[in-house]
Amino acid sequence: MIDNQMNEMLDVLDVMGSVEEGMLQYLTFELDDEHYGVDILRVQEIKGWDHVTPIPNTPSHLCGVLNLRGAIVPIVDLRLLFDMPFVAYSNITVVVILTVQDVTQRTVGIVVDAVSDAHMIHPDSITEAPDFGEKVATDFISGITKVNDTMLMLLDVDNLLNNQQIG
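1. Brief notes about the pairing of strand 9 (residues 141-147)
Across the seven residues that make up strand 9, a large majority, five, are buried. Strand direction decides the pairing type here: strand 9 and strand 10 (residues 150-155), joined by six bridges, are antiparallel. Residue lysine 146 lies in a different strand from strand 10, and its bridge partner there is methionine 151. Between strand 9 and strand 10, which pair antiparallel one after the other, the connecting turn spans two residues, and asparagine 148 there sits at a positive phi close to 55°.

As structure tokens, then:
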């Protein structure tokens, strides 16, 4: 099962080199039957769930840290960051390792239910996130689009995973 999962992830990343001119490419994933996307150029790696080292006195959405080839990477459970119910990690749980530009460039991993696909999206098909007023922050959503019959929320990883958000 793990080999099949890794092969599927590699298939998703195979399309990275074949972007059509004028198109944006997003890696899509699922959380609680909802679909999200991140700029594929921010994706460093996709890994199956692995044990992380918990850090005391951190928010519940911060799972801990992972040693990734000598680099200590914070791992954020995106379900918990989005106030979704916790679901036990399984053999299809995935950690997407992303490059985040905050005060400095750093690496952060996000735990997602499953990686879906890579999609090329024309910028004209992306609409702004709706304004829900002051009490609902949507600055971490760079836009919303429709892929086939599925609504896809495109995440701005810099706003989503900045130091104030995850720490």
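2. Digging into the confidence of the model for the protein
Keep in mind that low pLDDT regions are not for reading the predicted coordinates in detail. When pLDDT is averaged along the protein, the result is 85, and 83% of the positions lie at 70 or above. Below a pLDDT of 50 lies the segment residues 1-10, which in the model reaches twelve contacts outside its immediate sequence neighbourhood of four places, other chains included.

3. Some thoughts on the environment of leucine 62
Within the fold, leucine 62 resides in strand 4 (residues 62-68). Distance from leucine 62 to aspartate 77, taken between C-alpha atoms, is 6.3 Å for residues 15 residues apart in sequence.

4. Some remarks on the sheet that holds strand 8 (residues 114-121)
Spatially, 8-1-2-10-9 is the arrangement adopted by the five strands of the open sheet, whose pairing is mixed. Edge positions in the sheet fall to strand 8 and strand 9, since each of these pairs with one other strand and no more. Pairwise comparison of adjacent strand axes, ignoring direction, gives a mean angle of 30° for this sheet.

5. Re the pairing of strand 4
Within strand 4, six of the seven residues are buried, leaving the element largely enclosed by the surrounding structure. One ladder, built from six bridges, connects strand 4 with strand 5 (residues 71-77); its direction is antiparallel. Bridging from a neighbouring strand, leucine 66 pairs with valine 73 of strand 5.

6. Comments concerning the nonpolar core
One finds Phe29, Leu78, Phe82, Val96 and Leu155 to be the most contacted residues of the largest nonpolar core, which totals 31 residues. Sorting elements by how many residues they give to this core places strand 6 (residues 94-101) first, with four residues. Apart from residues lying up to four places away in sequence, phenylalanine 29 is in contact with Glu34, His35, Tyr36, Gly37, Val38, Leu78, Ile110, Val112, Ala114, Val115, Ser116 and Leu155. With nine residues, the next largest nonpolar core counts Val52, Cys63, Val95 and Val111 among its residues.

7. Section: the environment of isoleucine 144
On the secondary structure map, isoleucine 144 appears in strand 9. The buried category is assigned to isoleucine 144, whose relative accessible area is 15%. Along the chain, isoleucine 144 and alanine 129 lie 15 residues apart, while their C-alpha atoms are 6.1 Å from each other.

8. As for the pattern of salt bridges
Under the criterion given, the structure shown has five salt bridges. The partner of arginine 79 in a salt bridge is aspartate 113, and the shortest N-O contact between them spans 2.9 Å. In this pair, arginine 79 sits in helix 2 (residues 78-81) while aspartate 113 sits in the loop between strand 7 (105-112) and strand 8, placing the two residues 34 residues apart along the sequence. Relative accessible area serves as the criterion here: at 22%, aspartate 113 is assigned to the partly exposed category.

9. Section: the sheet that holds strand 6
In spatial order, the strands read 3-6-7-5-4; together these five strands make up an open sheet with mixed pairing. In this open sheet, the two strands that pair with only one neighbour each are strand 3 (43-48) and strand 4. Put simply, the sheet's adjacent strands are angled 30° from each other on average, direction ignored.

Reading guide: rules and limits
Residues numbered from 1 in each chain as written. Predicted model: local features only at pLDDT ≥ 70, side-chain atom pairs only at ≥ 80, totals over all residues. Heavy atoms only, no water. Buried < 20%, exposed > 50% of the residue type's maximum accessible area, 1.4 Å probe, protein only. Helix = DSSP H or I, 4+ residues; strand = E, 2+ residues; numbered from the N terminus. Pairing = 2+ DSSP bridges. pLDDT = per-residue confidence, 0-100. Contact = heavy atoms within 4.5 Å. Axes fitted to C-alpha atoms, helices over the stretch in contact; angles between N-to-C directions. Core = buried A, V, L, I, M, F, W, Y, C linked by side-chain atoms within 4.5 Å. Salt bridge = Lys/Arg side-chain N within 4 Å of Asp/Glu carboxyl O.

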